[in-house]
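# Survey of secondary and tertiary structure
So the chains spell out like this:
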Amino acid sequence: MSPWLQAYLTPSGAAVRFAIKATLAMLLALYVALWCDLERPYWALISAAFLQIRPMSGMVVEKGLSQITGTLVGCGAGIAIMSAFAQAPVPALASLTLWIMLCTYGSSLLRNNAAYGCIMGAVTAMLIVVIGASQPDAIFAIAVARLSELALGAVCATLVSALLWPIKVGDHLGHQADTVVNQAFQHAAQRLTDSTTPAELQATLTGSLEPLTLLEGDSQAARYEGPEGPARIRASHVLTHRTLTMMATLHALQQLLHHAAERLSPAIHALAGDLADGFRDAAQDSDAKAGRRLHALRHRLLAWPDESLSPIELRCLLGMREILGHALVMLDARDAVIRPGGKRLRGAALAWHRDPLVAGLNALRAGVIFCSLAAFWLATGWNNGQMAMLLGTLLSALFASQDNPVVVCMMFAKGMLVAIPSSLLFGHILLAQASGFPLMAMLVLTPLFLGLLGSANPRLLGCCLAFTIGNILLTMPGNGMDLSFAPFINRVIAVMIGLATVVSGFRLLPGLGASLRKRRLMTAIVGDLQRLATHSVQEVEARFIGAMADRMLRLAKHDDVLPDDQRHLFSLGLAGLDVGHACLRIRRRLDGLPGDDLKQAKRRFILALADAYADSARGRPPRGVRQAGDTLIEAVDHQPSLSERDRTLIAGLVERLDFALKRQAERAHASHLARNTAAEAPG
């Protein structure tokens, strides 16, 4: 069934409840705004609508606080600009452009509701400066009015979210954590059997990473849902860290099982198969059964005699033990997310991947879009140019971080176009015949309810949200509404101009190309690997593990648009995660040992791994790993506190990393050749 038919003919109960809650929040905001005789009640409606997009109570509170904070900061910026340039519109707009660029830059580097707060800071300052240009003596009153309207929408959305069919962030996080664990266990089973295609491996790993990044970001809102919130946040950090660490170990173990299969005994292969079966069953069983099954496997692995094993077989056995250890901690973390009172876990907050160049380009684009609309407004003196500037400021910042902003803008434009006849019918023709608040509310909120009902489907969110916002902006409900046709058509023209400018801006400045984005991702990974040699383990571990989740998702999306014979980026991300995890393991094992020779050898080996990883990403044979590794092994041999088993493991790790990077370089080189062949092919 078409998603449109499904959304409107057979809507789910959750979708209906979401639409009713959001509509009631807007109804309450509209009633209070009209009763208080606020100047622009429609801002309260827009505020309530945006806050209900993710209706979990803690997220509504967090987003409301971010919105109010951003509005306060934007009010301060707008008042400061107008205080300095009240009689000079060009310098005022130039200063406002710099402020909008700064807010867009910040929103591109931040995440979730903090980014939304930056966007609100830009929009609020723009409204104060543009509206205040014709009323320079009422700047403070304008700022107070904007703050009142947006705060009213936030309060109404929070009240309705908490009182009517409340949805807890904890329940949402529990579902995400369960998805992460099940998908990660399915991926582990595939890695250990080595019987699936790279596309299938990528699908299960992406299926785990996407909810993992959502879990890590959304968990911050749990602090607003009582004393159990901090425990859920810590458990989410632990689950993220352990999942990614398990992925790195699985990647390394699969390489040994696949490329060194003839050097492994049948017993090791059988053990890997049993472990795969255990993970496959654990992904489908209840929490208790999964835990018991994996504990039994771990006891079996710990009891396995390792004295007679070869170094590579010992490395495989230890890898399986590590994977099971991570899996059991993941189960504990999932339980702590769902039932935080049962387990006490400690986990540090993770860093995120941030690209200042991408953020700077987003800021430049937002500045160009606003300057174009501001120049048009100054040249024409058209009052409705304010709405065009509003849309330009809001959408250029809101869509900047999307993977394909032009497509998102076009979807938003379609929703706005459909809103034109809807707002004309409900907000003007029928509303002109109505009297009293109940009938007015019914006519104004009917199209909004329909738009919100479709917004519950993620595939329709962009178009339906635009339809909802378009109806509000083109109707502009208030006490002194002008229902004549001329103001309506002027608003329509302003909306079309604003949308066309935004789409043109994203087309003219589309962002970094795929090859440049890949190079910057690789450069960021190499930089983090180099920092593993110099900074403290605690400092770099959270940054590296957290940022790698983002980078691997981005690399997976780049791979999805490439032909099968050119896909190597995702495996490159896994190789980087594996190398970083190995460096952290070396640091944790050797950092407390004495001797300057060991410290220098350890540092040179980690830097050599970073350089070799950069070579492998370019398809060049990695250099220097074996030499730096031999120096490290020699320094380790002079440490009497290390056992012979520890020395063997470090030597095996050096050999495995050198082999893994060479294999990755061969794959990248083959991908480059396939791409060059495809580019040179006729037609």
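These numbers come from a predicted model, not from an experiment.

Throughout the structure, instances matching the rule amount to 0 disulfides. The cysteine Cys103 is free of any disulfide, with Cys118 supplying the nearest cysteine sulfur at 6.2 Å. With no disulfide partner, Cys156 has as its closest neighbouring cysteine sulfur the one in Cys36, 9.7 Å distant.

Turning our eyes to something else, we now look at the environment of Thr393. Summarising the element assignment, Thr393 is placed in helix H15 (residues 385–398). Separated by 269 residues in sequence, Thr393 and Thr124 place their C-alpha atoms 10.0 Å apart. Those residues in contact with Thr393, other than ones at most four positions away along the chain, are Ile100, Ala122, Val123, Met126 and Phe370.

The next thing to look at is the pattern of salt bridges. Taken as a whole and assessed by the stated rule, the structure comprises 23 salt bridges. As a salt-bridge pair, Asp591 and Arg587 come within 2.9 Å of each other at their nearest N and O atoms. Given the relative accessible area of 31%, Asp591 is considered partly exposed. Taking the relative accessible area as the measure of exposure, Arg587 reaches 8% and is therefore buried. The salt bridge involving Lys602 is made with Asp591; its shortest N-O contact spans 2.5 Å. Remark: Asp591 occurs in the loop between helix H22 (569–590) and helix H23 (596–617) and Lys602 occurs in helix H23; sequence separation between them is 11 residues. A cluster of three or more residues bridged by salt bridges with shared partners is formed by Glu39, Arg40, Arg146 and Glu149.

A word on helix H5 (residues 89–109). Taking 1.5 Å of rise per residue, 21 residues should cover 30 Å, and H5 covers 30 Å from first to last C-alpha, within 8% of that figure. Every buried residue of H5 is listed here: Ala92, Leu93, Leu96, Thr97, Trp99, Ile100, Cys103, Thr104, Gly106, Ser107, Ser108 and Leu109. On the buried face of H5, the contacting elements are helix H4 (57–85), helix H6 (112–132), helix H14 (356–380) and H15.

Looking now at the confidence of the model for the chain. Mean pLDDT for the chain: 84, with 94% of residues reaching 70 or above. Looking at the elements of the chain, mean pLDDT is at its lowest for helix H21 (residues 537–560), recorded as 74, and at its highest for H5, recorded as 93.

Attention now moves to helix H8 (residues 169–193). The first and last C-alpha atoms of H8 sit 36 Å apart over 25 residues, in line with the 36 Å expected at 1.5 Å per residue. Across the 25 residues that make up H8, a large majority, 18, are buried.

So, about the packing of aromatic side chains. Applying the stated criterion to the full structure yields 7 aromatic pairs. Measuring from centroid to centroid gives 6.3 Å for Tyr42 and Trp43, while their planes differ by 35°, and the two rings are tilted. Judged by its relative accessible area of 7%, Trp43 falls in the buried class. Aromatic pair Phe50 and Tyr116: ring centres 6.2 Å apart, planes at 40°, arrangement tilted. Taken together, the residues Phe50 in helix H3 (residues 42–51) and Tyr116 in helix H6 connect sequence positions 66 residues apart. Looking at Tyr116, the relative accessible area reads 8%, which means it is buried. Here Lys63 stacks its cationic end above the ring of Tyr116, 4.7 Å away from the centre of that ring.

Moving on: a nonpolar patch on the surface. Side chains of Leu28, Val155, Leu159 and Leu163 sit close together on the surface and give an oily, nonpolar patch of about 370 Å² of accessible area. Tallying contributions element by element places helix H7 (residues 139–163) first for the nonpolar patch, with 3 residues. The residue Leu163 is located in helix H7 in this model. When its relative accessible area of 70% is taken as the criterion, Leu163 is described as exposed.

Rules and cut-offs
Residues numbered from 1 in each chain as written. Predicted model: local features only at pLDDT ≥ 70, side-chain atom pairs only at ≥ 80, totals over all residues. Heavy atoms only, no water. Disulfide = S-S within 2.5 Å. Helix = DSSP H or I, 4+ residues; strand = E, 2+ residues; numbered from the N terminus. Contact = heavy atoms within 4.5 Å. Salt bridge = Lys/Arg side-chain N within 4 Å of Asp/Glu carboxyl O. Buried < 20%, exposed > 50% of the residue type's maximum accessible area, 1.4 Å probe, protein only. Expected span 1.5 Å × (residues − 1). pLDDT = per-residue confidence, 0-100. Phe/Tyr/Trp six-rings, centres within 6.5 Å; stacked < 30°, edge-to-face > 60°. Lys NZ or Arg CZ within 6 Å of the ring centre and 35° of its normal. Patch = residues over 30% accessible without salt bridge, like charges linked within 9 Å, V, L, I, M, F, W, Y side chains within 5 Å. Areas by Shrake-Rupley, 256 points an atom, 1.4 Å probe, with all protein chains shown as cover.

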